[in-house]
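Residue-level structure breakdown
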Amino acid sequence: MSRQLDHLDELEAEAIHILREVAGQFEKPALLFSGGKDSITLVRLAEKAFRPGKFPFPLVHIDTGHNFEETIQYRDDMIARIGEKLIVGYVQDDIDKGRVVEQKGKNASRNQLQTVTLLNTIAKHEFDSCIGGARRDEEKARAKERVFSVRDEFGQWNPKSQRPELWDLYNGKIQKGENVRVFPISNWTELDVWNYIRRENIPLPSIYFAHERDVIVRNGQLMAASPFLNMDDEDTVYRKNVRFRTVGDMSCTAAVESYAFEIDDIINEISASKISERGARMDDKVSEAAMEDRKKGGYF
């Protein structure tokens, strides 16, 4: 007697179907890999979709140069383990070539600069689709996304020109120069991702779990003490037990005080939280429409 599918089985099946649709509809897809839990989950789903064969796309990481060391080490170890191709686009290269200007001041961040590097990497390798780990529950602009999100020849996103997706039918037809961002776990929640990680026993970068770290308080948030924060004598360093709910540039990713050392503790902590994981991202607090504005400019 066959086992009845549970909620995670259904989400997994949907995501695998979407990944296979990408492989079938596009000539040069890529999987955008940040080193965060969502893109790590995508790698596991890709393994289920395409093993024992190779992935029909490379992994692409946009490196701001201000990443957590634990994330970069995890990325390199994972690539060595799974044997897939990794392409890295470096924000520093675009700074050096004058394509972008690094921000100044105490709240300077390279996070917004990575849009240019992403678009340059897409153009250089002629990717016609980019798979990402965004989810609709993260942020209100994310909730407007289709699974197949069409971007114009300038990489821009227009929420009013997205295509209907009835009966799980995805239209990947695009004009030359256009690009589609694909979100296989769009319908997952943060708790879904963590429950799937627990079920699949997927290893993660250590910063997702509670650990002692030097932090400062900046704009009401706990930030990892780092020269990337442009710290000065006014910044007081504290030693606290913290973890990170989301992984990004160190200059804009805040920690939460936590004693969740194990995955079950994290799931319990998230279940009780009333704040989205994006609440720990300083770049989303620039304005009410910060994420949507970045997406319209070509951001992931």
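For the chain, the name recorded in an unreviewed UniProt entry is Sulfate adenylyltransferase subunit 2, with Mucilaginibacter myungsuensis as its organism. What UniProt records for the chain under Sequence similarities (unreviewed entry) is the sentence "Belongs to the PAPS reductase family. CysD subfamily."

So, about the overall build of the chain. When you go through the chain residue by residue, the secondary structure sums to 8 helices and 10 strands. Counting over 300 residues, the chain shows a buried share of 55%. Here the chain displays about 14300 Å² of accessible surface, and carbon together with sulfur accounts for 50% of that area.

Residues that lie three or four places apart on an α-helix share one face, since the helix turns once every 3.6 residues. For helix α2 (residues 37-50), with 14 residues, the first-to-last C-alpha span of 20 Å sits near the 20 Å given by 1.5 Å per residue. Counting buried positions over the 14 residues of α2 gives 13, a clear majority of the element.

Spatial ordering of the closed barrel is given by β7-β8-β10-β9, a layout of 4 strands whose pairing is antiparallel. Each neighbouring strand pair of the sheet contributes to a mean axis angle of 70 degrees, computed without reference to strand direction. In this sheet, strand β10 (residues 254-257) lies alongside strand β9 (residues 238-243) in antiparallel orientation, the contact comprising 2 bridges. If you follow Arg243 over to β10, its bridge partner there is Val256.

Our next topic: the packing of aromatic side chains. The final tally for this structure, using the stated rule, is 8 aromatic pairs. Judged by centre distance (5.8 Å) and plane angle (50 degrees), the ring pair of Phe55 and Phe57 falls under tilted. On the accessibility criterion, Phe55 (7% relative accessible area) is buried. Phe57 sits in the buried class, given a relative accessible area of 3%. An aromatic cluster of three or more residues is present, and its members are Phe50, Phe55 and Phe57. Just above the ring of Tyr238 sits the side chain of Lys240; from NZ or CZ to the centre is 5.9 Å.

This part takes up the pairing of strand β8 (residues 221-224). Neither face of β8 is open: one carries Gln221 and Met223, the other Leu222 and Ala224, and all of them are buried. In terms of strand pairing, strand β7 (residues 211-218) meets β8 through 4 bridges, oriented antiparallel. Within β8, the residue paired with Val215 across the bridge is Ala224. Between β7 and the antiparallel strand that follows it, β8, lie 2 residues; Asn219 among them carries a positive phi value of about 55 degrees.

The next thing to look at is the environment of Leu32. Residue placement: Leu32 occurs in strand β1 (residues 29-32). Taking the C-alpha atoms as reference points, Leu32 and Leu59, separated by 27 residues in sequence, lie 5.9 Å from one another.

Counting 56 residues, the largest nonpolar core has Leu45, Phe148 and Trp194 as its most contacted members. Those elements that place two or more of their residues in this core are α1 (7-25), α2, α3 (69-82), β5 (148-151), β6 (179-182), α6 (190-200), β8 and α7 (263-272). The contact partners of Leu45, leaving out residues within four places of it in the chain, are Glu12, Ala15, Ile16, Leu19, Ile185, Trp188 and Tyr196. Ala30, Ile95, Leu113 and Phe127 belong to the second-largest nonpolar core, a separate cluster that totals 13 residues.

Considering every residue of the chain, the mean pLDDT works out to 86; 85% of them sit at 70 or more. Per-element confidence in the chain is highest for α2, whose mean pLDDT is 98, and lowest for helix α8 (residues 290-296), whose mean pLDDT is 51. For residues 284-289, every residue scores under 50 in pLDDT, and the model assigns this stretch 8 contacts once sequence neighbours within four places are set aside.

Attention now goes to the packing of α1 against α6. At their nearest, the axes of α1 and α6 sit 11 Å apart, and the two run at 95 degrees to each other. Taken together, the axes of α1 and α6 are roughly perpendicular relative to one another. The residues of α6 that touch α1, namely those facing His7, Leu8, Asp9, Leu11 and Glu12, are Asp192, Asn195, Tyr196, Arg199 and Glu200. Looking at side-chain class alone, the contact of α1 with α6 contains 3 nonpolar, 2 polar and 5 charged residues.

This part takes up the sheet that holds strand β2 (residues 59-63). What the 6 strands build is an open sheet, ordered β3-β2-β1-β4-β6-β5; its pairing is mixed. Looking at the sheet topology across the chains shown, the edges are occupied by β3 (86-90) and β5. Sheet twist, expressed as the average angle between the axes of neighbouring strands with direction ignored, equals 30 degrees. Pairing analysis gives 5 bridges linking β2 to β3, with the strands arranged parallel. Looking at the pairing, His61 lines up with Val88 of β3. Of the strands in this sheet, β2 and β3 are in contact with α3, which crosses β2 at around 160 degrees.

What counts as what
Residues numbered from 1 in each chain as written. Predicted model: local features only at pLDDT ≥ 70, side-chain atom pairs only at ≥ 80, totals over all residues. Heavy atoms only, no water. UniProt positions renumbered as here; feature names shortened; annotations may be inferred. Helix = DSSP H or I, 4+ residues; strand = E, 2+ residues; numbered from the N terminus. Buried < 20%, exposed > 50% of the residue type's maximum accessible area, 1.4 Å probe, protein only. Areas by Shrake-Rupley, 256 points an atom, 1.4 Å probe, with all protein chains shown as cover. Expected span 1.5 Å × (residues − 1). Pairing = 2+ DSSP bridges. Axes fitted to C-alpha atoms, helices over the stretch in contact; angles between N-to-C directions. Phe/Tyr/Trp six-rings, centres within 6.5 Å; stacked < 30°, edge-to-face > 60°. Lys NZ or Arg CZ within 6 Å of the ring centre and 35° of its normal. Core = buried A, V, L, I, M, F, W, Y, C linked by side-chain atoms within 4.5 Å. Contact = heavy atoms within 4.5 Å. pLDDT = per-residue confidence, 0-100. Parallel < 35°, antiparallel > 145°, perpendicular 65-115°, else oblique. Nonpolar A, V, L, I, M, F, W, Y, C, P; charged D, E, K, R; others polar.

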